[in-house]
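Inside the fold
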Amino acid sequence: MRIEPFGDQAVRVRFGDQIAPHIQLSIQRLTLQVDRDPFPGFIEYVPAYTNVVFYYNPVEVIKRGKKERTAQQQVMDILSQLAEQACGNERQIQRRVIHIPVCYGGRLGPDLNAVAAFHQMSTDQVIKWHAQSEYLVYMLGFAPGFPFLGGMSEALATPRRATPRLKVAAGSVGIAGRQTGVYPLESPGGWQIIGRTPVSLFTPKADSPTLLHAGDVVIFDPIPEQEYAQMKGISS
Amino acid sequence: MTLKIIQKGFASAVQDIGRTGYQRYGIIVGGVMDPPAAKIANWLVDNHESAAVIEYSFAGPSIFFTEDTLFAVTGAECIPMLNGREIGMGRPCLARGGHILTIGRMLSGSRGYLAVAGGVATPVWYGSRSTDLRAGCGGYEGRLLAEHDCLPTGIPSPYAQGIMSVLAQVESPISWYAALRRSYRGMHWIRVMPDTLWPHFSEESRKAFLSTNYQITASSDRMGYRLSGEHLLLEEAGELYSEAVTNGSIQVPGNGQPIILMTDHQSIGGYPRIAQVASADLSLLAQLSPGAKLRFRMITTQEGEAAAIQQYHTLKRLHQEIKCRFRLLAQKNN
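As the structure is a prediction and not an experimental result, all values here were calculated from the model.

A word on the overall build of chain A. Helices and strands together make up the secondary structure of chain A, namely 6 helices and 13 strands. For chain A, the spread of C-alpha atoms along the three principal axes comes to 65 × 35 × 35 Å. Looking at chain A residue by residue over its 236 residues, the buried ones come to 55%. Look at the contacts in chain A between residues 6 or more apart in sequence, and 61% of them connect residues 24 or more apart. When the accessible surface of chain A is totalled, it reaches about 10700 Å², and 52% of it is carbon and sulfur.

What follows is the structure, given as structure tokens:
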């Protein structure tokens, strides 16, 4: 564990240098602790694969803390203590498991054939490999609700499209290198699109802005196009 | 009360001090590019500093007031006209119902602010009225303002209403004004602090970064400023994972030309970062236009924090001064 300044109003707590579930767990333990008991001047945190950044207001930190020390030093002291506890803690966190129905291939997954051809597999094998893994949500970013997932089989790793699409439909499930993800909003993108979900990942009118949170487990359930159309009809 | 947009200006949108607390969901903070200027505009109409204002870039909108409205124009220098009369910047002004405010082109600086007493009252989305263009949410229908849009405004504070009745009785506009002492001309020193990868950039890169000019290019916007200048190279390109980035993060993509992330930056990014702009210099940066030349100067994070706290106190004193002027104005009335 390492704590570094990130500019003059944030610090970064690093738990390692690799993408691994136990690192995500340490990050989540730390952020849960700060949720329960926010330190003076705390604004928000942003978790990522190997580290988490805490933003704070230096004026508030000093007002409610010590005058003779910098706000950054005070925040680093607080977080280094909490991060030690988060590392040493063996307690498991009950992860939410979210099933996301996906209609693979066809017009909803225009790159499924290309991905299968790249790996010299059948399209059914690609679907099977993709749908049988449990994926861990490491972070959300890039767009509201866009999940960065870990856990995809190496056997499915596929380079991005040579020419990115100007429009990728909301709900598209894609592969880029060793990553897999779901586009919450229509946007341009170069990921290989293998399917689409009728479920909305960005839910701006609900209590929580996004379907997924960092630390959730995602399972993709293959559905036929008919069921996709039905679910899409109900949700829209 | 409503503000009717007659001319939209350039990139005019509803903004406030931003949407904090949701970056972990991928929702950006956004908000005004120059928070000190926007806060001053709000204080001049006795709003809370977090009230929503209209931000415009390079050219301001023209606005029709349906009712008597107290307003103030701050930020980039321009010559605002109310019904054809120059009214000056940085001071409270009274528009009568039926008046038209024309802000026009910026003479110096890039971003301007129009605050009205009571604030722009478009719906709040996750704690803020800021426009998130990429998500299509917040602000006015999640988009830039267009001709014929009608923006609702809130109720002015009792104090602002008092100022309005004083201004309704006096012929001449207010002679004092509140402004930040800044110049947007010439070469600009921007203070930076090293980011984690700083020591991993080549010695020549580090030297060039701190001793040569970088120019803001035309492909710059609220999301980031693309700079052109000496190439920057990492000593060895290791694998990097995406992680949180913020306002003022200086990213170096493969072409070696740095990009400074600005207000509408994404919550996370995967490019190597060489340095971080001091928070206190971000609002100056926000006012610079394509073509402007920058020179970076390295400071410690302690110095960066001290500069941010000093800026906070400077603004606080300005706020006190405005409140004091308001009291004098109110006494005049009695």
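Back to the text.
Once that is clear, we can look at the interface of chain A and chain B. Residue-level contacts link 49 residues of chain A with 39 residues of chain B. Both faces considered, chain A and chain B share a buried interface measuring about 3300 Å² in area, 58% of it formed by carbon and sulfur atoms. A per-residue breakdown of the area chain A buries against chain B is headed by F6, D8 and E44 of chain A, which together make up 18% of the total. Our count for the contact surface shared by chain A and chain B stands at 3 salt bridges. Note that E243 of chain B and R12 of chain A form a salt bridge whose closest N and O atoms lie 3.6 Å from each other. Our count for the contact surface shared by chain A and chain B stands at 16 residue pairs in polar contact (both at pLDDT 80 or more). Within the residue set of the side of chain A that touches chain B, elements represented by two or more residues are β1 (2-5), β2 (10-14), β3 (42-47), β4 (51-56), α2 (58-64), α3 (71-88) and β6 (135-140) of chain A. Top contributing element to the side of chain A that touches chain B by residue count: β3 of chain A, with 5 residues. A breakdown of the residues in the side of chain A that touches chain B according to their chemical character gives 27 nonpolar, 13 polar and 9 charged.

Glancing now at the pairing of strand β3 (residues 53-57) of chain B. A regular strand places its side chains on the two faces of the sheet in alternate fashion. Residues and elements named next belong to chain B. Taken across its 5 residues, β3 has 5 buried, putting it largely inside the fold. Every second residue of β3 is oriented toward a common face, with V53, E55 and S57 on one face and I54 and Y56 on the other, all of them buried. Here strand β2 (residues 13-15) pairs with β3 via 3 bridges, running antiparallel. When the sheet's bridge partners are listed, V14 is paired in β3 with I54. Both β3 and strand β10 (residues 108-116) contribute to a ladder of 4 bridges, which runs antiparallel. Residue pairing across strands places E55 opposite Y113, the latter belonging to β10.

In total, this model carries 26 aromatic pairs over all chains according to the counting rule given. Seen from their ring centres, F202 of chain A and W125 of chain B are 6.2 Å apart, and the 90° between their planes marks the pair as edge-to-face. A residue pair is termed interchain when its members come from two chains, as with F202 of chain A in the loop between β12 (192-196) and β13 (217-222) and W125 of chain B in the loop between β10 and β11 (150-152). Here the two residues F202 of chain A and W125 of chain B agree in accessibility, since each one is buried. When the ring centre of Y45 of chain A is taken as origin, the NZ or CZ atom of R24 of chain B, which lies over that ring, is 3.9 Å away.

In a beta sheet, neighbouring strands are held together by backbone hydrogen bonds and run either parallel or antiparallel to one another. Residues and elements named next belong to chain A. The strand order β1-β2-β4-β3 describes an open sheet built from 4 strands, whose pairing is antiparallel. In the strand order of this sheet, the two ends are held by β1 and β3, each with one partner. The average angle at which neighbouring strand axes cross in this sheet is 20°, direction not considered. Here 5 bridges tie β2 to β4, and the two strands are oriented antiparallel to one another. Bridging across to β4, R12 finds its partner in V53. Across the face of the sheet, helix α1 (residues 21-36) comes into contact with β2, β3 and β4 while running at roughly 20° to β4. Where α3 meets the sheet, it contacts β1, β2 and β4, and its direction lies at approximately 25° from that of β2.

It is worth spelling out helix α2 (residues 158-169) of chain B at this point. Residues and elements named next belong to chain B. Here α2 contains 12 residues, and its C-alpha end-to-end distance of 17 Å stays within 8% of the 16 Å for a straight helix at 1.5 Å per residue. Of the residues making up α2, those classed as buried are A160, I163, M164, V166 and L167. Projected onto a plane normal to the axis of α2, the buried residues spread over an arc of 165° and lie on a single side. Looking at α2, the residues exposed on the side facing more than 90 degrees away from the buried face are P158 and Q169.

With numbering aligned to this structure, UniProt lists the feature "domain: Carboxyltransferase" (unreviewed entry) at residues 24-314 of chain B. Across residues 24-314 of chain B, helical content stands at 17% and strand content at 26%; the span's end C-alpha atoms are separated by 32 Å.

Residue and element names in this part refer to chain B. One closed barrel holds the 7 strands; their spatial order is β12-β19-β16-β17-β14-β13-β20, and the pairing between them is mixed. For this sheet, the mean inter-axis angle between neighbouring strands, taken without regard to orientation, is 40°. Summarising the sheet, strand β16 (residues 249-251) and strand β19 (residues 273-277) pair through 3 bridges and their orientation is antiparallel. Across the sheet, the residue bridging to S249 is Q276, located in β19. Against the sheet, helix α3 (residues 203-211) engages β12 (187-194), β13 (214-216), β16, β19 and β20 (293-298), with an angle of about 115° to β20.

Residues and elements named next belong to chain A. Direction vectors running N to C along α1 and α3 enclose 130°, while the axes themselves pass 8 Å from each other. Judged by the inter-axis angle, α1 sits oblique to α3. Crossing geometry of α1 relative to α3 is assigned as right-handed. For the pair α1 and α3, contact is made by S26, R29, L30, Q33 and V34 and by L79, L82, A83, A86 and C87, respectively. Residues of the contact of α1 with α3, tallied by class, amount to 7 nonpolar, 2 polar and 1 charged.

Cut-off values and rules
Residues numbered from 1 in each chain as written. Chains lettered and ligands numbered in written order. Predicted model: local features only at pLDDT ≥ 70, side-chain atom pairs only at ≥ 80, totals over all residues. Heavy atoms only, no water. Helix = DSSP H or I, 4+ residues; strand = E, 2+ residues; numbered from the N terminus. Buried < 20%, exposed > 50% of the residue type's maximum accessible area, 1.4 Å probe, protein only. Contact = heavy atoms within 4.5 Å. Areas by Shrake-Rupley, 256 points an atom, 1.4 Å probe, with all protein chains shown as cover. Buried area = accessible area lost by both parts, 1.4 Å probe. Salt bridge = Lys/Arg side-chain N within 4 Å of Asp/Glu carboxyl O. Polar contact = N/O pair within 3.5 Å; in protein donor to acceptor, adjacent residues only side chain to side chain. Nonpolar A, V, L, I, M, F, W, Y, C, P; charged D, E, K, R; others polar. Pairing = 2+ DSSP bridges. Phe/Tyr/Trp six-rings, centres within 6.5 Å; stacked < 30°, edge-to-face > 60°. Lys NZ or Arg CZ within 6 Å of the ring centre and 35° of its normal. Axes fitted to C-alpha atoms, helices over the stretch in contact; angles between N-to-C directions. Expected span 1.5 Å × (residues − 1). Arc of directions from axis to C-beta. UniProt positions renumbered as here; feature names shortened; annotations may be inferred. Parallel < 35°, antiparallel > 145°, perpendicular 65-115°, else oblique. Left-handed = near helix turned anticlockwise from the far one by under 90°.

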